[in-house]
Structures are given as structure tokens and as C-alpha cells.
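What follows is each chain in one-letter form.
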Amino acid sequence: MSIDIGTPSLRSGTELVPTFDGPQTGKEYTSDQEVRWCPGCGDYAVLKAVQSFLPDLGLRRENIVFVSGIGCSSRFPYYLDTYGMHSIHGRAPSIATGIATAREDLNVWVVTGDGDALSIGGNHLIHALRRNVNMTILLFNNRIYGLTKGQYSPTSEVGKVTKTSPLGSLDHPFNPVSLALGAEATFVARTIDSDRKHLTGVLAAAAAHRGTSFVEIYQNCPIFNDGAFDAIKDNETKDHAIIPLVHGEPITFGAKDATTGMGDKALVRTGGGVEVIDTASARVEQILAHDAHDPDPSTAFAISRLTAADYLNRSPIGIFRQVERPTYDDLARAQVNDAKASVDGTDTDRLTKLLNAGDTWNIG
Amino acid sequence: MSQTKQVKQLDRVIIRFAGDSGDGMQLTGDRFTQESAVFGNDLVTLPNFPAEIRAPQGTLPGVSSFQVHFADHDILTAGDRPDVLVAMNPAALKANVGDLPKGAAIIVDTHDFTKRNLDKAGYATNPLDFLGDANDPLGEFQVHAVDLTGMTVEAVKEFGLSRKDAARAKNMFALGLLSWMYGRPTEPTTKFLEGKFKKSPDILGANLAAFTAGWNFGETTETFVVRYEIKPAVLPSGTYRNITGNLALSYGLIAAGVRSGLPVFLGSYPITPATDILHELAKHKSFGVTTLQAEDEIAGVGAAIGASFAGSLGVTTTSGPGIALKSEAIGLAVMTELPLLVVDVQRGGPSTGLPTKTEQADLMQAMYGRNGEAPVPIVAPQSPGDCFAAAVEAARIAITYRTPVLLLSDGYLANGSEPWMIPSVDDLPVIEPNFATGPNHVSAKSADGEPDEFWPYLRDPETLARPWAIPGTAGLEHRIGGLEKGEGHGNISYDPANHDLMVRTRQAKINAIAKSLPPLEVDDPSGEAKVLVIGWGSTYGPIGAACRRVRRAGYHVAQTHLRHLNPFPQDLGAILKGYDKVLVPEMNLGQLSKLLRAEYLVDAIGYNHVYGLPLKAAELAEAIGQLVGQAEGIDVDLGEHGLNPPADHEEAPLA
């Protein structure tokens, strides 16, 4: 038996959150706690970007909640002057699900890392994505375990030599974007810690999306995995390593043609996948135009497979997918609100009636 | 007709319905219970069923049974040994006949006594072939061998059902027969069937016909010459209903929401025998109850903690294996000092253990099953109906003291039922959440000496509870988490002295709950007892029944029962020291007795059984009797009030 659960009108991710009319600054979002990441850690850049981005949301600060798990990145909530919870390893999506479902007026963020989200917390991550709870998950991917001092993570490349894999890691890594698309996440994006402009643009789109927004942030760990993203950060190589995804635009990268603005490499759809060809050899209509709103995630998935699994010398960056689907929390609240609206009388009277329902008898 | 039947007065009867898992014995027992409840008897039930949904048909492991004890007076247990066994197949007979006292009645459906079914049950020969012979294996009992199935099929043939479907109504035939035999009212069952099979008139017709045919069979056949009458019980005046523990607990959670004004948020993962609570609460969204069926046990408690942080009453329901998985998250709730209800409907362990059977072996897990010094209050209901009040009490502690609370029910309470005097909602305690609304600390920067900042760990001096400031409250933004907190301000602190202080403070907060508890009630009617029997949870019934037996036999014994296992009531130590001997019956290997010994240096003597079934009152009475003998230096013989025949029955309390 299935019941039509209705489809509440889709809204922006922050629509039910009270707004703040006056100006806000990044400073107001900065707590008084000393930031304790290693010098040069990519987390600093993300923190700065988030602190300066949050005022742009124009929300009341007290209605913003950051939840994290365990790991270097999970210290994040302490450094923001919002409500926050630094919880336990891997469980932040479940805690955030409770918060977001209980309260429609909160803007909920999860900060997590590759170990926290993809290893110990893998189950909660995929279930949050399939439920489409209204929250934004920032997954800081440094492809290593930092807090426990340098073990391979679920995104480390095969053969990675670490303290727990002196002969090379045997684990095949997850591609977080492929995983999220496989779980039918409604918003999937990837960005880079060192590209403030791109990062901020993705954060804005993620916050505006109603549903679970999944954002993978490539983040450098200078202590245990320095240089993991050099190919996409180095000015010499990055144009050839980064495949920018912009909705509606043809997907090209590499050396830019001054007149067309297109890169010298282009993506074309081939059978079930996508392939990189020389732009010069392609017909214009053959070049794949990025459609983030495609209800079918297959093409986005095919694009996500272009990410190199070992040394990151090629990777799509941007919003892979952004589609509308009713959120779990909106539907859950609608069921409760509809049920409440369908009854009369005070809770006390109705509880009295409930307790006295069925076969009762009187004595004395 | 009925004039030829004799009517015999009884004060109590124990009936056990037993059959294959698919025979509908739970439903039959439940209907008979409902009829008896409406009739006004006091009653206690004991459902007992296999973990498999459809265990191999006809086998011993596939037997499902439902025992109901009903009486004209206040009773406490489902009874040790049934007076009547209804056995629907050979396996049901074989699995249960050993529990019957001499002289018990057996009503057996002969239809399934085929070679194949006898083999499956492990009978080399058909025991019914020897009825009345010198070597009759059932010679000690009054056996009524009746083709219940055959008569059912005959009675329902006008409905044109398949033979298989027709035979399925045999449980209603049996119910009709027993309802006649004990003069039960039939309207509740008729009404129930009409509701259940509203959409299938043929099935409804067949069930009603089978039910009526069973009744008429009793009335007309010469097999049954005696009808029994058990008068309504004299119970405290009020409105009653029959209720199971899981239903009462569910209603208690709703009541906690109503009385605190907080929305209830249940995060839960299905697990036997706790799932009914999730089923039930999912129906009551109109009370502002949100239920989330989580992806696993950890997510269930995680979502509940999140909801509590956001200002709901977070609840998670599970059984022992689920508590093991939730332990780390419960520790987080201890550290973050958020209200949280953790319901453990205990079952036989360890590991997957006995999913459908009862046990109370999670006390140590509830008490100590977390890393670090992580004290959690523990509340335990003592009877199915009491699950309601226990849930409200657990919520009071959780909300008032900002702490996770473990509510320890068990499989017997969960599925067992009893008449429950329906409380008035207005008489339930009001639970005040007292959300923080403004700054509570004066900083150095404060111009006027008024509080100008919010310290999330600045405590109420009386309860030691910290403020509960929920998101959306301007000016009270703060961060909490699993790392150690600095006293007062709540920032991360690794300072040695602060950690020592915080560990002691969290413990002191839990200890302080004892100040809010009522004095412990001790039942010591003569005031001369030297032996105290103390228990917790669902052993209340068997312990009470055992004490009644001992007193009937003329000896003195005192009884008390703990609702609060952590902290203990303040007067418990003095009470224990007032007796020469302390006996602690438990369905584990001595968990409460260890705690009592550790806390009070008292020689708590264990009485421990882990059958997956409630303790048996007569056996326990003998153990109490022995201890009374030792304590008073006398010879104790409980006679018929112990294990000796004929009165292997639950005693009424002494007037």
C-alpha cells in the first residue's frame, strides 16, 4: 500500500529561517576561541571563506547551527559564533537530521572529513543524502587521516604508503562525488580550499538549495599528505587538471582559445560514459553542455568518473547536480502538522480520550 | 441443554493456549484476555513465542503460546503452572505438558495428530491412543480430545472458503469453547472480529461462525460437563483497561510530551521486543510526535540527541544489542548534558541471544556500559501498566536534570498485559523545561553588573543542571560537544583539575536526583520480618506472589521494589540494614545484588534464574522460606503454599 505523501512547494534552503535586516560582518561570526589547526592547513582557508560568506546569507545568527563529527575539520563549529555541536565520529549527519527535522527555522550545516563521512560515518552519509534532509554537508577531503597522525583514508590512492600501510595501501578509494550521486543526492558539488571565489560560489548555491547539499572540498594537509592536490593548484598544470562545470555551458578545459573562450580539450558523451577529446576535432554540437538540472544522474555520474583515482591530475570542479526533490524534514513536519490540524481539543483532552479508548470498565 | 451443566465456583484459573506459530494463539489469548478484563477479573498475561516469524510448522521450536491468569482478587503473576492447556497440535502438547500440575485439564485438537506431525514433535506413538489405559502417558490429566479443526471446517462450510482457510478459524472455535467454559462475555470478540475483517465478509462470517460453534459445542456436548465461574475482582475504584507494557510506555512518552509542552522526537531502529513502541508512536503525530525510522541504532539516538539540542524531548527505543551500539552517543549526551530518553526493552542476551524472551541482564550495561565516568540515571517499571508512569518519571528526570535517562523495561513487561487503572492526565506531574532565555554570567565588560554573557555550563545550584539554550535564542549562541568542558563557560578544557571537577560534578548531579525521590515503600505487614526481599523491574509480580505464599504459610517476610536503580533512593541503605537477610531475586546472575553490595556493604543474597521466562513464584517462595528459616532459627515448611501440591497457585494477599 502506498499513500500519496504530497509534494510541499519547493522553497529555497533558507526560506523558513528568520532573516536579519541589518548589516553583518564576518567578525560577528567568529568566536573567541583560538583556532588550533596546523600552520598551512587548508582548513584555515575554508574557515575564512565560511566566516565571510555567512553574513551574505542575511540570516539571524542564532538560527544557524553547525554540527561536526571527529577529525581535524570537525573542530570547525568551535570557531564560529553560531549554535554548534562537535559530536562523535561519523554521526554528525544523524544529529543534524534530528535538528533539521525538529526545527524548520534553522539553517543546518555539517562539517566532516573523508574519514569521518566516508569511513566510520558512511552509513549516515548515504542515508542523509537519500532522505534529502535540508542541510549542507561540507566534506573536507584531504585524502589522509590527520588527527590520528597520518593513516590512509577511504579516499587515499591504492599503494599509498602510510604508517598503517608501509607496503602500500590495498584499499580501493571512494570517489565522494560518485558516491553521493549513487545515493541520489539532490545537490552535489566539488570545490577547492584555495579557490576562495569558487568555494564561496558553491557555498552560496549549496545553502540556497532545499535538501541535502553535498560539497566535497579538496583540502590540503601540509603535514601528512602535502601536495596531494598540486596538479590542480599549480598554475602550470591546473588548467589541464581542472574540468570546470558550469550549468548550460559546454564542458571544455586546457589551454584557452582566445576567441571562443573554450579550452583545447572537450567532453563528449560516448555510450554510457564521457570521453575527453581535442576540442579542435569536435563538432560544436558534439561537445557536452553541462546540465546540472538533469533529473537522470547518469551523465553527472559519468563526469564524476573522470576524476583520477591516484595522483589528481584531472578532476571536474563545480556543481555536478542540482535537482529538486521534496525534503524529508518538510514532509515529516507536514505529516505532523496535518495530523495536528485534523484534530480538535486540547492535548490534555485528547490524551485523556486516548487513554480511555478501547474496552474499558469501571470499578466502584 | 445448559441446565444439565454443573457450575463450579473458582477464585482463579490459569489457561495456556498453545499451537503452531501460524495458529493464531497470540490473538486467541489476547481476545480471551480482553473478554476477562471486560468481565472484571484481575489478570496477568504471558505471551511466549519463537523469534522466527514462521518457524518450521509442527515442530517444537515453532510452538507459540499465550498464558492468561485471571482471578476474583488482585493477582501479580501470570501463574507458574497452567490449570488448563489448549494444545492445537502434537508439538504444542509436547512442549507444554511438562509445565502442568497433576489434575490439569488438556483440551487437544486431535486433527493434527497425524504420523507426520507426531514425528515432527518427536512422539514415537500417539499419546492420545492410550487415553484411559493403564499406561496412559497423560493419565495424570483430564484430557478432552476433540477434533477442533474438523468441527471448524464443518461449521464454516457455507462461506465457501478453501479447506486451508476454513481450518484457520480453528483458533476462534477454541476461543468460543473456552469462552463458554468460563462464562466470558462474547460481545468484545464479536466486535473485534467485525472490525478486523470489515473488508472480507467471508472471513468475518467464518470466524464468527467458528466462534459461535465453539461456544455451542461446549453448551451441547457431553464432553464438557462443568462450567466455571470466576467472579469479578475487587480492585481500587476507577476506570480500567487492559494494557501491555509497550503500549503503556508509548502512552507514557506521549504524556511526557503533553506535560512538558515539548514535542516528542523518537529516533529508532526496529528491534524485538521494542519495535511496538515505534509502531505506536508513529500513529500519534497529532500530539506533535515525530518518529524517524533511522538507518541504524546509532542514527536513531543521534537524531534524538539532535532533536533534544533543538528543543524537543529526544527519545530512542531499543533492546540490549541496540544499547551496545548507542553507548558512545549516550556518552555524548552525558557530556553535552542534554535531556534524552533511552528505552531498553531488555531481552535474553548476550549478543542476539533470545530476541523474543525476557531477561533483566542489561542493568550493568545501563549503569556502566560507556567509556569514562558516564553516570546515567536508571528507571525501571515493575508491571505492564506501570510502564506508563515510569516513562513520565524518566522524562521528568531527563528534562529537569539535563541528562540521558535509561528506562529499563523487558520483554515480559512489553508483551504481557494487566488491567490498568487509567490515570487522570491532570494528576500527572508537570515537567518544566525552563529553557534559557538570556545571559546568565556577568563578564568583566559588563557596565551595569548585570549578566551580559551566556555560559552554557553554569549550573543551577539546587539540581546542578546546566541551562538548556536552544538554537534560535539570540545572544545565547554556544558550542557543545564531546570534549571536556571548562566548568561554567563550557569551552574546551584539558586542564587536569577542571577534568577532575567536571567528572565529580556530573556524578554529583546524578546523585542529587535522589533528593527528589519519594521514600521507598516497604511491605512488611507484620513488622516482624527479618528477611527483606528486594527486586527491580518485572520481577515485582513473582516476588510479590512469593511473599504472599510465605505469609500465608505463617511466616514473616518484607518486600520492597526499586523503581530507581541510579541513583538509589536515599533511605535504601537504612532499610537494608534493618533486616538480617536480604534476598535479591533477578533474571540475571546477580547484577542488582552486586550494586547493593558495593554501595551498602550489605550481604545481598542472589536468587537468579535466566530461563527467558519470568521467575516462578512457588520456587521463589521456597527460597525465601529457607532464608526465613535461617534468619529466625526455625524450621520452615511452606506446605501447599510452596511447591507441594495441591495449591500450586498464587495466593490472595492476607486480608
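Note on numbering: residues in each chain are counted from 1, in written sequence order. A letter from A marks each chain and a number from 1 marks each ligand, given out in the order of writing. Under the rules for a predicted model, residues below a pLDDT of 70 receive no local features and side-chain atom pairs below 80 are neither given nor counted, while totals for whole chains, interfaces and linings still include all residues. Side-chain calculation: all heavy atoms of the structure are included, whereas hydrogens and water are not.

**A word on the overall build of chain A**
When you go through chain A residue by residue, the secondary structure sums to 11 helices and 12 strands. Whereas a compact globule of 364 residues would reach a radius of gyration of roughly 21 Å, chain A reaches 23 Å, a difference of no more than 12%. Accessibility here uses a 1.4 Å probe with only protein chains present; expressed as a share of the type maximum, an area under 20% marks a residue as buried, one over 50% as exposed, and anything in between as partly exposed. Counting only residues that meet the buried cut, chain A has 55% of its 364 residues in that class. Contact definition: two residues touch when any of their heavy atoms are within 4.5 Å. Sequence separation of at least 24 residues holds for 68% of the intrachain contacts in chain A that already meet a minimum separation of 6. Note that accessible areas follow from Shrake-Rupley with a 1.4 Å probe, and for residues the cover is restricted to the protein chains shown. Summing over all exposed atoms, chain A offers an accessible surface of approximately 15400 Å²; the carbon and sulfur share of this is 53%. Helix and strand definitions here come from DSSP, where helices need a minimum of 4 consecutive H or I residues and strands a minimum of 2 consecutive E residues; each element is numbered from the N-terminal end. The reference for a compact globule is 2.2 Å times residues^0.38; the radius of gyration itself is calculated from the C-alpha atoms.

**Re the packing of helix α1 (residues 25-39) of chain B against helix α7 (residues 187-196) of chain B**
Residue and element names in this part refer to chain B. Structural elements are reduced to axes, namely lines fitted to C-alpha atoms, with helices fitted over the stretch in contact, and the angle between N-to-C directions of any two is expressed from 0 to 180 degrees. At a minimum axis separation of 9 Å, α1 and α7 run at an interaxial angle of 135°. Taken as axis vectors, α1 and α7 run oblique relative to one another. Seen from α1, the contacting residues are Leu-27, Arg-31, Glu-35 and Val-38; seen from α7, they are Pro-188, Thr-189, Phe-192 and Lys-196. Residue classes follow a fixed rule: Ala, Val, Leu, Ile, Met, Phe, Trp, Tyr, Cys and Pro count as nonpolar, while Asp, Glu, Lys and Arg count as charged, and any other residue, Gly among them, counts as polar. A class-by-class count of the residues in the contact of α1 with α7 yields 4 nonpolar, 1 polar and 3 charged. Should an angle fall under 35 degrees it is taken as roughly parallel, and over 145 as roughly antiparallel, whereas 65 to 115 is taken as roughly perpendicular and any remaining angle as oblique.

**Observations concerning the packing of α7(B) against helix α8 (residues 201-220) of chain B**
When two helices pack together, their arrangement is given by the angle between their axes and by how far apart the axes lie. Residues and elements named next belong to chain B. Where α7 contacts α8, the axes come no closer than 9 Å and their chain directions differ by 165°. Of the possible angle classes, the one that applies to α7 and α8 is roughly antiparallel. Seen along the crossing, α7 lies across α8 with a hand that is right-handed. From α7, Thr-189, Thr-190, Leu-193 and Glu-194 reach across to α8, where they touch Leu-204, Asn-207, Leu-208 and Phe-211. Looking at side-chain class alone, the contact of α7 with α8 contains 4 nonpolar, 3 polar and 1 charged residues. The hand of a helix crossing depends on one turn: near helix anticlockwise from the far one by less than a right angle means left-handed, and clockwise means right-handed.

**Considering the packing of aromatic side chains**
The way to describe two aromatic rings as a pair is by their centre distance and the angle between their planes. Two rings from Phe, Tyr or Trp (for Trp, the six-membered ring) form a pair when their centres sit within 6.5 Å of each other. Planes less than 30 degrees apart are called stacked, planes more than 60 degrees apart edge-to-face, and all others tilted. Counted under the stated rule, the structure contains 19 aromatic pairs over all chains. For the ring pair Phe53(A) and Trp109(A), a centre distance of 6.3 Å and an interplane angle of 75° mean the geometry is edge-to-face. Here the residue Phe53(A) occupies a position in helix α1 (residues 42-57), and Trp109(A) occupies one in strand β3 (residues 107-113), the gap between them amounting to 56 residues. Put simply, the rings of Trp37(A), Tyr44(A), Phe53(A), Phe66(A), Phe76(A), Tyr79(A), Trp109(A) and Phe140(A) pair up and form one aromatic cluster. In this structure, Arg31(B) packs its charged tip against the face of Phe192(B), placed 4.1 Å from the ring centre. We call a charge positioned over a ring when the NZ of a Lys or the CZ of an Arg lies within 6 Å of the ring centre and within 35 degrees of the ring normal. Above the face of the Tyr123(B) ring, Lys94(B) is positioned so that its terminal group lies 5.0 Å from the ring centre.

**Things to note about a negative patch on the surface**
Patch membership needs two things, relative accessible area over 30% and no salt bridge, and members are linked within 9 Å if like-charged or within 5 Å if nonpolar (Val, Leu, Ile, Met, Phe, Trp, Tyr). Basic side-chain nitrogens of Lys or Arg form a salt bridge, by our definition, when they fall within 4 Å of a carboxyl oxygen of Asp or Glu. Positive charges come from Lys and Arg, negative ones from Asp and Glu, while His and the chain ends are left out of the count. For the purpose of locating charges, the reference atoms are NZ of Lys, CZ of Arg, CG of Asp and CD of Glu. A cluster of acidic residues, Asp226(A), Asp230(A), Asp234(A) and Glu236(A), forms a negative patch on the protein surface. When its relative accessible area of 70% is taken as the criterion, Glu236(A) is described as exposed.

**What about helix α14 (residues 386-401) of chain B?**
Over its 16 residues, α14(B) runs 22 Å from end to end, which matches the ideal 22 Å to within 8%, given 1.5 Å per residue. When you tally the buried positions in α14(B), you get 14 out of 16 residues, the bulk of the element. By this rule the span expected of a helix is its residue count minus one, scaled by 1.5 Å.

**Some thoughts on the UniProt feature "domain: Thiamine pyrophosphate enzyme TPP-binding" (unreviewed entry) in chain A**
UniProt positions are given in the numbering used here, feature names are shortened, and annotations may be inferred rather than shown by experiment. Per the UniProt record, "domain: Thiamine pyrophosphate enzyme TPP-binding" (unreviewed entry) is found at residues 70-217 of chain A. Counted over residues 70-217 of chain A, helix gives 32% and strand 20%. Its end C-alpha atoms are 17 Å apart.

**Things to note about the pattern of salt bridges**
Per the counting criterion, the structure on display carries 34 salt bridges over all chains. Put simply, Arg350(A) and Asp347(A) hold a salt bridge, and the shortest N to O gap is 2.9 Å. Of this pair, Arg350(A) and Asp347(A) both sit in helix α11 (residues 347-355), 3 residues apart, which is roughly one turn of the helix. Residue Asp347(A) is classed as partly exposed on the basis of its relative accessible area, which comes to 33%. A salt bridge links Glu393(B) to Arg396(B), with the nearest nitrogen and oxygen atoms 2.8 Å apart. Taken together, the residues Glu393(B) and Arg396(B), both in helix α14 and 3 residues apart, mark about one turn of the helix. Glu393(B) gets classed as buried once you look at its relative accessible area, which sits at 14%. The class for Arg396(B) is buried, based on a relative accessible area of 16%. Because the salt bridges share partners, they merge into one network encompassing Arg11(A), Glu104(A), Arg210(A), Asp329(A), Asp330(A) and Arg333(A).

**Let's talk about the layout of surface pockets**
Residues and elements named next belong to chain B. Think of a 1 Å grid over the protein atoms and nothing else: a 1.4 Å probe that fits but is trapped marks a cavity, an open set flanked by protein within 12 Å on at least five of seven lines marks a pocket, and residues with an atom within 4 Å of a point count as lining. Grid points are joined across faces, edges and corners, and a volume is the space filled by probe spheres set on the points. What the second largest pocket holds in volume is close to 1100 Å³. Lining the second largest pocket we find 35 residues, and of these Gln-26, Pro-47, Phe-49, Asp-276 and Asn-415 sit closest to its centre. Among the elements of the structure, α1, β3 (42-48), β4 (63-71), α9 (245-260), α10 (275-282) and α15 (411-415) are those that each provide at least two residues to the lining of the second largest pocket. Of the residues contributing to the lining of the second largest pocket, the split by class is 13 nonpolar, 14 polar and 8 charged. No fewer than three residues from each of domain 1 (6-229) and domain 2 (241-427) sit in the lining of the second largest pocket. Per the annotation, domain bounds derive from an automatic or database assignment of domains.

**Some points on the pairing of strand β22 (residues 581-586) of chain B**
Residues and elements named next belong to chain B. Of all the 6 residues making up β22, 5 are buried; the element is thus mostly covered by neighbouring parts of the structure. Where strand β19 (residues 531-536) meets β22, 3 bridges bridge the pair, whose relative direction is parallel. Bridge pairing links Val-533 to Leu-583 in β22. A pair of strands is considered paired only if DSSP assigns at least 2 bridges between the two. Summarising the sheet, β22 and strand β23 (residues 604-608) pair through 5 bridges and their orientation is parallel. Directly across from Val-582, in β23, lies its bridge partner Ala-604. Throughout, right-handed denotes a crossover for which the path from the first strand over the helix to the second runs clockwise when the strands point away from the viewer. Regarding topology, helix α19 (residues 591-600) serves as the crossover connection from β22 to the parallel β23, and that connection is right-handed.

**Points about the domain arrangement of chain B**
Residues and elements named next belong to chain B. Each assigned domain of chain B is listed with its residue range as follows: domain 1 (6-229), domain 2 (241-427), domain 3 (434-516) and domain 4 (522-632). Placing the centre of domain 1 and that of domain 2 at their C-alpha centroids yields a distance of 35 Å. Domain 1 puts 15 residues into the contact, and the matching count from domain 2 is 10 residues. A combined buried area of about 980 Å² lies between domain 1 and domain 2, and 54% of that area is made up of carbon and sulfur atoms. Throughout, buried area stands for the accessible area (probe radius 1.4 Å) lost by two parts on being put together, summed over both. By the criterion of area lost to domain 2, the three top residues of domain 1 are Thr-45, Phe-49 and Ala-51, representing 38% of everything that side buries. In this assembly, domain 1 and domain 2 are joined by 0 salt bridges. Counted as a polar contact is a pair of N or O atoms within 3.5 Å, where, for protein atoms, one must be capable of donating a hydrogen and the other of accepting one, and residues adjacent in sequence contribute only when both atoms are in side chains. If you look at where domain 1 meets domain 2, you find 4 residue pairs in polar contact (both at pLDDT 80 or more). Contributing elements (two or more residues each) for the side of domain 1 that touches domain 2: α1 and β3. Looking at side-chain class alone, the side of domain 1 that touches domain 2 contains 9 nonpolar, 5 polar and 1 charged residues.

**A few points about the sheet that holds strand β9 (residues 238-244) of chain B**
What holds strands together in a sheet is hydrogen bonding between their backbones, with the strands either parallel or antiparallel. With antiparallel pairing, the 3 strands of this open sheet are ordered in space as β12(A)-β9(B)-β16(B). Two strands close off the open sheet at either side, each with one partner strand: β12 (360-363) of chain A together with β16 (417-421) of chain B. Taking each pair of neighbouring strands and ignoring which way they run, the sheet shows an average axis angle of 35°. In the sheet, β9(B) pairs with β16(B) via 5 bridges, with the strands oriented antiparallel. Looking at the pairing, Ile243(B) lines up with Glu418(B) of β16(B).

**Some thoughts on the interface of chain B and chain A**
Facing the 71 residues of chain B at the interface are 55 residues of chain A. Per-residue buried area on chain B facing chain A is highest for Glu295(B), Glu477(B) and Arg479(B); these three make up 14% of the total on that side. Seen at the junction of chain B and chain A, the total is 2 salt bridges. The salt bridge partner of Glu295(B) is Arg131(A), with a shortest N-O separation of 2.8 Å. Taken together, the connections running from chain B to chain A amount to 25 residue pairs in polar contact (both at pLDDT 80 or more). Among the elements of the structure, α1, β9, α9, β11 (290-293), α11 (297-309), α12 (320-336), β16 and β17 (479-481) of chain B are those that each provide at least two residues to the side of chain B that touches chain A. For the side of chain B that touches chain A, the leading source of residues is α11(B), giving 8 residues. A breakdown of the residues in the side of chain B that touches chain A according to their chemical character gives 41 nonpolar, 21 polar and 9 charged.

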